[in-house]
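The residues making up each chain are set out below.
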Amino acid sequence: MATDYDSPRKTDEDINEDSLQELQARRVDKGTGTIDIDPDEVNEGLELPGADLSGEELAVRVLPRQADEFTCSRCFLVHHRSQLAEERKGQLVCKECA
């Protein structure tokens, strides 16, 4: 950023007044610091160890591996064939694991 050396400079007193004015403006605007938290929403992501989840159903549709996909032998993730880095002894390895 360019500095204009011909412009009048602020004194320490002017800087302190500006800061005081900014603080007073923040104090007036107290509503922005409040966070509305729904207690039910916070507990949704928690999973208790040993909890019985047998009645739960998946909301995600799972597709079988397609013809143009492979499973990496190191990370066991399904990738598109364009992510294939190498094949060693019949083991397919993705670019991320290679």
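For the structure itself, look to the data block above.
The structure contained in this document is the topic of the report that follows. The shown structure was predicted, so the numbers you read here are calculated from the model rather than taken from an experiment. (Residues numbered from 1 in each chain as written. Predicted model: local features only at pLDDT ≥ 70, side-chain atom pairs only at ≥ 80, totals over all residues. Heavy atoms only, no water.)

**Let's talk about the overall build of the protein chain**
Here is step 1: Scanning the protein chain for helices and strands turns up 2 helices and 4 strands.
Here is step 2: In the protein chain, the succession of α and β elements from N to C terminus is α-α-β-β-β-β.
Here is step 3: For the protein chain, the residues scored as buried account for 6% of the 98 residues in total.
Here is step 4: The long-range share in the protein chain, meaning contacts at least 24 apart out of those at least 6 apart in sequence, stands at 5%.
Here is step 5: Accessible surface, the protein chain: about 9,600 Å² in total, of which carbon and sulfur atoms supply 50%. (Helix = DSSP H or I, 4+ residues; strand = E, 2+ residues; numbered from the N terminus. Buried < 20%, exposed > 50% of the residue type's maximum accessible area, 1.4 Å probe, protein only. Contact = heavy atoms within 4.5 Å. Areas by Shrake-Rupley, 256 points an atom, 1.4 Å probe, with all protein chains shown as cover.)

**Focus: the pattern of salt bridges**
Here is step 1: Applying the stated criterion across every chain yields a total of 1 salt bridge.
Here is step 2: Residue Glu-86 is joined to Arg-88 by a salt bridge in which the shortest nitrogen-to-oxygen separation is 2.5 Å.
Here is step 3: According to the relative accessible area criterion, Arg-88 is partly exposed, its value standing at 46%. (Salt bridge = Lys/Arg side-chain N within 4 Å of Asp/Glu carboxyl O.)

**Description of unusual backbone geometry**
Here is step 1: In this model, Phe-76 sits at a positive phi of 60°, which is unusual for a non-glycine residue.
Here is step 2: Classification of Phe-76 as exposed rests on a relative accessible area of 61%.
Here is step 3: Positive phi values are uncommon outside glycine, yet Lys-89 reaches one of about 50°.
Here is step 4: Its place among the elements puts Lys-89 in the loop between strand S3 (84-88) and strand S4 (91-94).

**Side note on a nonpolar patch on the surface**
Here is step 1: Together, Leu-58, Val-60 and Val-62 make up a nonpolar patch on the protein surface, roughly 370 Å² of accessible area in all.
Here is step 2: Tracing the chain through its elements places Leu-58 in the loop between helix H2 (39-44) and strand S1 (69-71).
Here is step 3: Taking relative accessible area as the criterion, Leu-58 reaches 74% and is therefore assigned exposed. (Patch = residues over 30% accessible without salt bridge, like charges linked within 9 Å, V, L, I, M, F, W, Y side chains within 5 Å.)

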